[in-house]
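# Remarks on the overall topology
These are the residues of each chain, in order.
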Amino acid sequence: MSYYQGLQAEVVPFRGHNGDQGEAYYARPLRPGKFPGVVVIHHIPGWCEWTTEVVRKLAHHGYAAISPHLYFREGGANESPDDLGARIRAAGGVADAQVMGDVAGAMAYLRAQPNATGKIGVIGFCSGGRHTYLAACTLKDIDAAVDCWGGNVIVDNPKDLNAKRPVAPIDLTERMTCPLLGIFGNDDHNPTADQVNRTEAVLKKLGKNYEFHRYDGAGHAFFNNMRDAYRPEQAMDGWRKVLDFFNRRLAASTASIAAE
Amino acid sequence: MCSYIVEKTALVGSAKGRKGWMRIDTANVYYDHPYYSTLDHVLAIDFTNEGEGGRDRIAVELSAESARALVDRILAALASGDVAHGAAAAPVAAE
């Protein structure tokens, strides 16, 4: 077990969908060694401060972590991410295909680093959880995926599908090739507990490698300590589940510091 | 849950932001997770000038209760304006 906690965090250029160059927030342990990588997919409001905290937390626990700024095409690095997010929202959001291209680009960035083991996990929150589910079904060479309360994996109203989001992720489950961890609050309205159950039923029916954890007394975004939704006990247990899953699936080169 | 649901309305007005006063022609209204507020959900309004590219905005994030109260007070102020100023407070079509 290593207790060396030094890390380096920075904004780096990366190549996303169609080779477009954007920015990503990247953090890695400073101690010698090789490290598995994790891509962190941010939520719709944008590339927020809490997202960068998640990246640093994963680096603290022995991962080279990167969060691509999914809205970089909308403006420069000097513009506030929330302003970019507002413009993206007004324009109807980002297309699933573009996000998948950006995630694939972030994975390539991680694998190109000299300290990479080559193992890659993906984790996303809220809409990023949905994107993580999509990535697990459509991108190659993901070793572990963590969907944190991703809504709209199941689309009950076909009118909610459009050119940017043409397919319900649940309908791609057959193509899922990596283990999936799901973290959900039972008080969440999207996904509801019923939708989580229906998603699990599909995963089970198709024989997929998954594990779901549900929390009472928690709703949406209960890891987020910058929101009233934060539930410390459930969040701490959830983080333990996430880090244990990544350690098992990505075989961290050095033991993670216990999430206690 | 994060969604891309946006209620957009054209309007005539002006607003003061970090660059001073600006004309605004659009309000994007949504109820979703905030960027800044600690609330789980907020009623957010982005006032922009799409005619000038829409890159600057004046943004607010309100609790649902305070947003409803604000709507009520806006209507009350307009009703009082009708009494005090006559037709001046009548609805004006957006340009």
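Our subject is the structure listed above.
One structure accompanies this document, and this report is about it. (Residues numbered from 1 in each chain as written. Chains lettered and ligands numbered in written order. Predicted model: local features only at pLDDT ≥ 70, side-chain atom pairs only at ≥ 80, totals over all residues.)

## A look at the overall build of chain A
Heads up, the condition is: Going along the chain from the N terminus, every DSSP run of H or I of four or more residues is numbered as a helix, and every run of E of two or more is numbered as a strand. Using C-alpha atoms as the atom set, the radius of gyration is obtained and then compared with a globule rule of 2.2 Å times the number of residues to the power 0.38. Note that contacts rest on C-beta atoms placed from the backbone: two residues are in contact if these are within 7 Å.
Scanning chain A for helices and strands turns up six helices and eight strands. Starting at the N terminus, the α and β elements of chain A follow one another as β-β-β-α-β-α-α-β-α-β-β-α-β-α. For chain A, the C-alpha radius of gyration of 17 Å lies close to 18 Å, the compact-globule estimate for 260 residues. Expressed as lengths along the three principal axes of its C-alpha atoms, the size of chain A is roughly 50 × 40 × 35 Å. Here the contacts in chain A between residues at least 6 apart in sequence split such that 68% fall between residues at least 24 apart.

## Side note on the environment of Gly76 of chain A
Residue and element names in this part refer to chain A. Short version of the rule: Around each residue's C-beta, the other C-beta atoms within 10 Å are counted; 20 or more make the residue buried, 12 or fewer make it exposed, and counts in between make it partly exposed. All C-beta atoms are placed from the backbone.
Secondary-structure assignment places Gly76 in the loop between strand 4 (64-68) and helix 2 (81-90). On the basis of neighbour count, Gly76 is assigned to the exposed category, with 8 C-beta atoms found within 10 Å. Put simply, Gly76 and Glu23 are 53 residues apart on the chain and 9.2 Å apart in space, counted from C-alpha to C-alpha.

## Regarding the environment of Lys208 of chain A
Residue and element names in this part refer to chain A. Among the structural elements, Lys208 can be located in the loop between helix 5 (193-205) and strand 8 (210-215). Placed 120 residues apart in sequence, Lys208 and Ile88 show a C-alpha to C-alpha distance of 34 Å. Among residues more than four places away in sequence, those in contact with Lys208 are Thr173, Met176, Leu180 and Leu203.

## Re the sheet that holds strand 4 (residues 57-62) of chain B
In plain terms, the rule: A pair of strands is considered paired only if DSSP assigns at least 2 bridges between the two. To get an axis, fit a line to the C-alpha atoms, keeping to the stretch in contact for a helix; angles then go from 0 to 180 degrees between the N-to-C directions.
Spatial strand order, 1-2-3-4 (chain B): four strands in an open sheet with antiparallel pairing. The two strands at the open ends of the sheet, each matched to only one other strand, are strand 1 (7-17) and strand 4 of chain B. In this sheet, adjacent strand axes meet at a mean angle of 30° when their direction is disregarded. Lying over the sheet, helix 2 of chain A contacts strand 2 (20-32), strand 3 (42-48) and strand 4 of chain B, oriented at roughly 85° with respect to strand 4 of chain B.

## Regarding the sheet that holds strand 4 of chain A
All names here are of chain A. The sheet built from eight strands is open, its strands ordered 1-2-4-3-5-6-7-8 with mixed pairing. Strand pairing shows two members of the sheet lacking a second neighbour, strand 1 (7-15) and strand 8, which therefore form its edges. Each neighbouring strand pair of the sheet contributes to a mean axis angle of 20°, computed without reference to strand direction. Relative to strand 2 (residues 21-29), strand 1 is paired through nine bridges, and the arrangement is antiparallel. When the sheet's bridge partners are listed, Gln8 is paired in strand 2 with Arg28. Along the sheet, helix 3 (residues 96-111) makes contact with strand 1, strand 2, strand 3 (35-41), strand 4 and strand 5 (116-125), crossing strand 4 at roughly 150°.

## Comments concerning the nonpolar core
As a rule of thumb, soluble globular proteins bury nonpolar side chains together. Note the cut-off: By convention the nonpolar core is taken to be a set of buried residues drawn from Ala, Val, Leu, Ile, Met, Phe, Trp, Tyr and Cys and joined through C-beta atoms within 7 Å.
Counting 75 residues, the largest nonpolar core has Val39, Ala65, Ile66 and Val103 of chain A as its most contacted members. Sort the elements by how many residues they give to this core and helix 3 of chain A lands first, with seven residues.

## Regarding the pairing of strand 4 of chain A
Residues and elements named next belong to chain A. With respect to burial, strand 4 is a largely interior element, five of its five residues being buried. Side chains of strand 4 alternate between two faces, with Ala64, Ile66 and Pro68 and Ala65 and Ser67 buried alike. Strand direction decides the pairing type here: strand 2 and strand 4, joined by four bridges, are antiparallel. Paired with Tyr25 across the bridge in strand 4 is Ser67.

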